[in-house]
Every structure is written in C-alpha cells, then in structure tokens.
Amino acid sequence: MKISQQEVEKMAHLARLDVDDELKETLAGQLSDILDYIDALKDVNVDGVTPVSGAAFMNNVLREDKPEPSPGPDVTLANAPERDQDFYVVPNVVK
C-alpha cells in the first residue's frame, strides 16, 4: 500500500508534529513498507494453528472487590495543594 506525503502531513497534523519535507518523504516510504509487510501476512498459511487470545497463558490474580467506608474528606484532601470545603481547587484549563 502506497502512503503519500499528503497522508503523512495529515497524520503529522493530527499528532501535532512538525515534520519537514525531507522527513515526510522518508516516513511515506517507511510507512508504505510497513503496510506492505502487514499485507503480506494475509497470505500466510495458518491451517491447523490453534487460535489464542494472547501471547502468554497466565491467570490474573485479583482481590475480591469489597466495599469499604470512605475515609472522608479530611483524609482524602489532606495533601491537596488547595481546597474549598470538601472539594479540590484546580486551576482553570479553559480560557
């Protein structure tokens, strides 16, 4: 699959990256090679291969989920840099 420089520009824009023209050409070639390799995998014979859901066969050890009483705002807000009664005070992020 051929990736154009315009597609690289669009991806760079979405990723908020500043990419110069020389690098765009290089990235277009590298991404095309990667997609060609992935496309070649569809031709691999997988007859008789057992499907698996993951690379490792491990069991997760999870603790039982038991509800416990809240420690309260005095404990949870003890290290807050700034608070207003029972709430965290955070800086404005939208102007």
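(A) Representation of the overall build of the chain in the model. In terms of regular secondary structure, the chain is built from three helices and two strands. Going from N to C terminus, the chain has its helices and strands arranged as α-α-α-β-β. Radius of gyration (C-alpha) of the chain: 26 Å, far over the 12 Å computed for a compact globule of 95 residues. Counting only C-alpha atoms and orienting by the principal axes, one finds that the chain spans roughly 60 × 50 × 15 Å. For the chain, contacts bridging at least 24 residues in sequence account for 26% of all contacts bridging at least 6. Counting every atom, the chain has about 9,400 Å² of accessible surface; 55% of that belongs to carbon and sulfur.

(B) Just the environment of aspartate 74, in detail. Of note, aspartate 74 is situated in helix α3 (residues 73–76). On the basis of relative accessibility, which here comes to 59%, the residue aspartate 74 falls in the exposed class. Through-space distance from the C-alpha of aspartate 74 to that of glutamine 85 is 9.6 Å; in sequence the pair is eleven residues apart.

(C) Quick peek at a nonpolar patch on the surface. Where nonpolar side chains cluster on the molecular surface, the patch consists of Ile34, Tyr37, Ile38, Leu41, Val44, Val46 and Val49 and spans about 690 Å² of accessible area. Within the fold, isoleucine 34 resides in helix α2 (residues 21–40). Looking at isoleucine 34, the relative accessible area reads 46%, which means it is partly exposed.

(D) Main features of the side chain of serine 32. Its place among the elements puts serine 32 in helix α2. Residue serine 32 is classed as buried on the basis of its relative accessible area of 5%.

(E) Quick peek at α2. Over its 20 residues, α2 runs 29 Å from end to end, which matches the ideal 28 Å to within 8%, given 1.5 Å per residue. The secondary structure elements touched by the buried residues of α2 are α1 (5–14).

(F) Layout of a negative patch on the surface. Together, Asp18, Asp20, Glu22 and Glu25 give the surface a local cluster of negative charge. As for its placement among the helices and strands, glutamate 22 is situated in helix α2.

The rules behind the values
Residues numbered from 1 in each chain as written. Predicted model: local features only at pLDDT ≥ 70, side-chain atom pairs only at ≥ 80, totals over all residues. Heavy atoms only, no water. Helix = DSSP H or I, 4+ residues; strand = E, 2+ residues; numbered from the N terminus. Rg over C-alpha atoms; globule rule 2.2 N^0.38 Å. Contact = heavy atoms within 4.5 Å. Areas by Shrake-Rupley, 256 points an atom, 1.4 Å probe, with all protein chains shown as cover. Buried < 20%, exposed > 50% of the residue type's maximum accessible area, 1.4 Å probe, protein only. Patch = residues over 30% accessible without salt bridge, like charges linked within 9 Å, V, L, I, M, F, W, Y side chains within 5 Å. Salt bridge = Lys/Arg side-chain N within 4 Å of Asp/Glu carboxyl O. Expected span 1.5 Å × (residues − 1). Lys, Arg positive; Asp, Glu negative; His and termini not counted. Charge placed at Lys NZ, Arg CZ, Asp CG, Glu CD.

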